[in-house]
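In case you want the letters, here they are:
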Amino acid sequence: MVLGLLLARAGVQVAVLEKHSDFLRDFRGDTVHPSTIRLIDELGLGGEFRKLPQSRLRGVAVPIPGAGLVTLADFESLKPPYNYVAMMPQWDLLNFLASRAGAEPGFTLLMEHEATGLAFDGGRVTGVRYAASGHEAVLHADVVVAADGRKSVLRQAAGLYPKEYPVPFDTWWFKLPRRASESGEIAGVVPSVGDRDAMIALNRTDYYQMGYLAPKGAYARIRAEGVERFRQRVAALRPDLADRVDSIRSLDDLHWLDVRLGRLRRWYVDGFLCIGDAAHAMSPVGGVGINLAIQDAVAAAARLAPDLLRGRVAEKTLAAVQRRRRMPTVAVQAVQRLLHRVIFVPLFAGRLSGDLLAGKGAGAAFSWRRLLFLILRHNPVVRRVLPRVIGFGPRPEHAPAFARRAPAPPPTKLEPMTSPTDTAVDTAAARARLLELIKELAVVRGKVILSSGAEADYYIDLRRITLHHEASKLVGQVMLALADEAGIEFECAGGLTMGADPVGTAVMHAAVDAGRNVDAFVVRKAQKSYGMGRQVEGPSVEGRKVLVLEDTSTTGGSALTAVEGVRKAGGNVVAVAVIVDRDTGAKEKIEAETGVPYLYAFGKDELGLA
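Computed from a predicted structure; not experimentally measured.

### Focus on the side chain of Thr466
- With respect to the secondary-structure elements, Thr466 resides in helix H13 (residues 463-466).
- When near neighbours in sequence (up to four residues on either side) are disregarded, Thr466 contacts Ser472, Pro502, Val503, Asp551 and Ile579.

Laid out in structure tokens, this is it:
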């Protein structure tokens, strides 16, 4: 739904297929993390979102038998207004997104349309097969995106199969009544641990959202034991709620989650892309699945929209989405797998004791597990870092400039460099006009010798653009939006003199117009031997996030010299960005030698160059 909304705002014709007639299903990702709330603000929908029924979760804790709670994340340590997790039924969020997407001319929501397979032309996916109203048909598309979950039908149709990791437990979700007189913060977390089982309670407004955790493979046993035995288990774990377990009328009131953890090695084939659980099934630990899926959607929209507007999605664009989102996926799953081993495996094996963790008893060994819990409980650095890791993820995404709308101000000002680009700028129009000017003014036909020594039948003279009275402003707007769409936060912009000089200045002025503070700088080809002996001129880059710029790059040499100079001056290079990429290997060389992403606004194919 998020991907459909973003693409529609880019001017793409997009259809979202949903097999049910409504969104009314319980326990389907009811956590909206700070990264998603910030995205909603960037889309100009924050005021309306905050009016939806919701409660606020302020922290996440893990139960340790006999030792109380180990607080993993206190979200209140984050900067407002993104210092909580919103707890709300997923159907409210989906209805909200659907109504806002429906206001876009290119968006279509097809309810009761079940995706059943893919259509192919040769080796390329050209559409989705679906069933609706008793008949089957094909919806043709330039690209098909599978967001159909951990048991994805479309993923299987594409011949993609995930690597599965062992998971020690399954979860049974259900509700218990909550009385108005009962204490406890709304959306607070109350875990409890038993003998080879556990339960977590989320305090909702008028009910408890309960999750019963039992070892993987216990499904048949729990069904065979019947509802009365399940009530006894709940009462044993939460004696204070024993007076209402009769509200569990039958085992049909339980929602069984077959917990899986896995990911695809390759998320795409030509014309087809998987995101969310279809690409990487997540454990419910941390409740991060829905938010990682939304981050996938944002990254996909930023990269797919330009190709879709041109009418052809390149396979390398699909690969770029996976490259962008693979690291955060791997990182989050690594943490989940660690928590599975440290907490849940010993818990369900009966080996996790509060006495062992607390070091009580004559025979209590000082294990690595006890050391880890001591670090989690008492290390202030961990307590500051984990809220951001859970709330925003390792690589949070920002709304692409083309999808942003003027928002009502959020409750408090966003952090520097995370506020949206000035929405008065029509980035799509600026990009289109800049492309026209490059084709008209900068592309020079004829035999030339490039800096690499190779011969070419054209030359791209971008100084005719960066120093042009109209094009210069467009350069700043387009390059600023390019960084925003890639989620690159920076405080300084510049590069090697002299090709990068006007680009850095243009970005600086575009940022000022957007209400942001970005300094420009110049990198000399070599350090001065006189005066202050500096190689990087302008405001200091020391300790600051730096975007290295260039107008175009053939061998990558200019950008590499600039990166080296900035790093010697103490700057933190976060990306290299060029206006035009000649597709001569600069991207691969720069990324390999610097370890930072290489961005470009236009490829040579967009200029009509072979």
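Now, onward.
### Some words on helix H2 (residues 34-42)
- Burial within H2 is extensive, with 9 of its 9 residues counted as buried.
- Considered for burial, the residues of H2 that qualify are Pro34, Ser35, Thr36, Ile37, Arg38, Leu39, Ile40, Asp41 and Glu42.

### Quick word on the packing of helix H1 (residues 2-9) against helix H7 (residues 289-310)
- Packing of H1 against H7 brings their axes to within 9 Å, and their N-to-C directions diverge by 30 degrees. Between H1 and H7, the crossing angle belongs to the class labelled roughly parallel. Crossing angle aside, the handedness with which H1 passes H7 is right-handed. Residues Val2, Leu3, Leu6 and Leu7 of H1 touch H7, and the partners they reach there are Ile294, Ala297, Val298, Ala300, Ala301, Leu304, Ala305 and Leu308.
- Tallied by class, the residues present in the contact of H1 with H7 amount to 12 nonpolar, no polar and no charged.

### Focus on the pattern of salt bridges
- Inspection of every chain in the model, using the stated rule, returns 34 salt bridges.
- Among the salt bridges present, the one from Arg325 reaches Asp296, with a minimum N-O distance of 3.0 Å. Taken together, the residues Arg325 in helix H8 (residues 315-348) and Asp296 in helix H7 connect sequence positions 29 residues apart. The exposure classification of Arg325 matches that of Asp296, with both residues buried.
- Connected through shared salt-bridge partners, Asp170, Lys216, Asp258 and Arg260 make up one network.

### Looking at empty space enclosed by the protein
- Under the defined criterion, the tally for this structure stands at 5 cavities of 30 Å³ or more.
- In this structure, the largest cavity encloses a volume near 70 Å³.
- Every residue lining the largest cavity is listed: His33, Ser35, Val288, Asn291, Leu292, Gln295, Val332, Val389, Ile390, Gly391, Phe392 and Gly393.
- For the lining of the largest cavity, the secondary-structure elements that each account for two or more residues are H7 and helix H11 (380-392).
- At 4 residues, H11 tops the list of elements feeding residues into the lining of the largest cavity.
- Residue classes in the lining of the largest cavity are distributed as 6 nonpolar, 6 polar and no charged.

### Describing the nonpolar core
- Formed by 74 residues in total, the largest nonpolar core has its most connected members in Leu7, Leu43, Phe49, Phe272, Leu273, Cys274 and Leu304.
- The element best represented in this core is H7, accounting for 10 residues.
- Ignoring any residue separated from it by four or fewer positions in sequence, one finds Leu43 in contact with Leu5, Leu6, Arg9, Ala399, Ala403 and Arg405.
- Judged by nonpolar contacts, the second largest core, of 40 residues, contains Leu435, Leu482, Ala483 and Ala575.

### A word on the sheet that holds strand E19 (residues 268-269)
- Read across the open sheet, the 3 strands follow the order E11-E20-E19; overall the sheet is mixed. Two strands lie at the open edges of the sheet, namely strand E11 (144-146) and E19, each paired on one side alone.
- Both E19 and strand E20 (residues 272-274) contribute to a ladder of 2 bridges, which runs antiparallel. The partner of Tyr268 across the bridge, within E20, is Leu273.

What counts and what doesn't
- Residues numbered from 1 in each chain as written.
- Predicted model: local features only at pLDDT ≥ 70, side-chain atom pairs only at ≥ 80, totals over all residues.
- Heavy atoms only, no water.
- Helix = DSSP H or I, 4+ residues; strand = E, 2+ residues; numbered from the N terminus.
- Contact = heavy atoms within 4.5 Å.
- Buried < 20%, exposed > 50% of the residue type's maximum accessible area, 1.4 Å probe, protein only.
- Axes fitted to C-alpha atoms, helices over the stretch in contact; angles between N-to-C directions.
- Parallel < 35°, antiparallel > 145°, perpendicular 65-115°, else oblique.
- Left-handed = near helix turned anticlockwise from the far one by under 90°.
- Nonpolar A, V, L, I, M, F, W, Y, C, P; charged D, E, K, R; others polar.
- Salt bridge = Lys/Arg side-chain N within 4 Å of Asp/Glu carboxyl O.
- 1 Å grid on protein atoms, 1.4 Å probe; cavity = no way out; pocket = protein on both sides within 12 Å on 5 of 7 lines; lining within 4 Å.
- Points joined across faces, edges and corners; volume = space filled by probe spheres on them.
- Core = buried A, V, L, I, M, F, W, Y, C linked by side-chain atoms within 4.5 Å.
- Pairing = 2+ DSSP bridges.

Function-wise, these values are silent; they only describe arrangement.
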